[in-house]
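Okay, here's what each chain looks like letter by letter:
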Amino acid sequence: MNDSAPLCRLDDIPDGDAIAVQVPSASGGFELILLRQGNAVYAYHNECPHAGRGLDYAPGRFLVRDGRIVCAAHGATFAVASGSCLGGPARGGLVGMPVVVVDGEVRLR
Ligand code: FES
């Protein structure tokens, strides 16, 4: 049982790609990157550990290929499934949020 509001539907995320969603909070909210690989969804804060920029090259549009997401600012590369940094100027990985897919909807766990 999960009472959180859905972030989106699984089908809203193109397979092998990503979208951005806004998550409201008491402190003003934040943006998550939702990455999809088949029926799996991975969520990370849209804030690059290199210089704190969003990873998108245009609002809600990301560079995703072969299980990697590349920060559009300076090219840091992260593993989709773990958020770990694979290369580029970032020293740390992306900060993840646990999500679950229930009845075709993506929700915070
Ligand atoms: S802000 Fe992402 S690589 Fe620099």
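Residues numbered from 1 in each chain as written. Predicted model: local features only at pLDDT ≥ 70, side-chain atom pairs only at ≥ 80, totals over all residues. Heavy atoms only, no water.

K.L.:
Talk me through the sheet that holds strand β1 (residues 6-9); I want residue IDs and the actual numbers.
P.N.:
Strand order in the open sheet formed by three strands is β1-β11-β10, and the pairing between neighbours is antiparallel. The sheet is open, and its two borders are formed by β1 and β10 (99-102), each paired with just one other strand. Taken over all neighbouring pairs, the strand axes of this sheet differ in orientation by 30 degrees on average, direction set aside. (Pairing = 2+ DSSP bridges. Helix = DSSP H or I, 4+ residues; strand = E, 2+ residues; numbered from the N terminus. Axes fitted to C-alpha atoms, helices over the stretch in contact; angles between N-to-C directions.)

K.L.:
Which residues make up the sheet that holds strand β3 (residues 30-37), and what values do they have?
P.N.:
Strand pairing within a sheet occurs via backbone hydrogen bonds; the two strands may be parallel or antiparallel. Ordered by their spatial adjacency, four strands build an open sheet running β2-β3-β4-β9, and the pairing between neighbours is antiparallel. Strand pairing shows two members of the sheet lacking a second neighbour, β2 (18-23) and β9 (96-97), which therefore form its edges. Across six bridges, β2 lies against β3 in antiparallel orientation. Among the inter-strand pairings, Ala20 is bridged to a residue of β3, identified as Ile33.

K.L.:
Explain unusual backbone geometry to me, using residue names and the numbers behind them.
P.N.:
Positive phi, normally seen in glycine, also occurs at Asp66, with a value near 55 degrees. Taking relative accessible area as the criterion, Asp66 reaches 69% and is therefore assigned exposed. Within the chain, Asp103 stands out as a residue other than glycine whose phi angle is a positive 50 degrees. For Asp103, the location among the structural elements is in the loop between β10 and β11 (105-108). (Buried < 20%, exposed > 50% of the residue type's maximum accessible area, 1.4 Å probe, protein only.)

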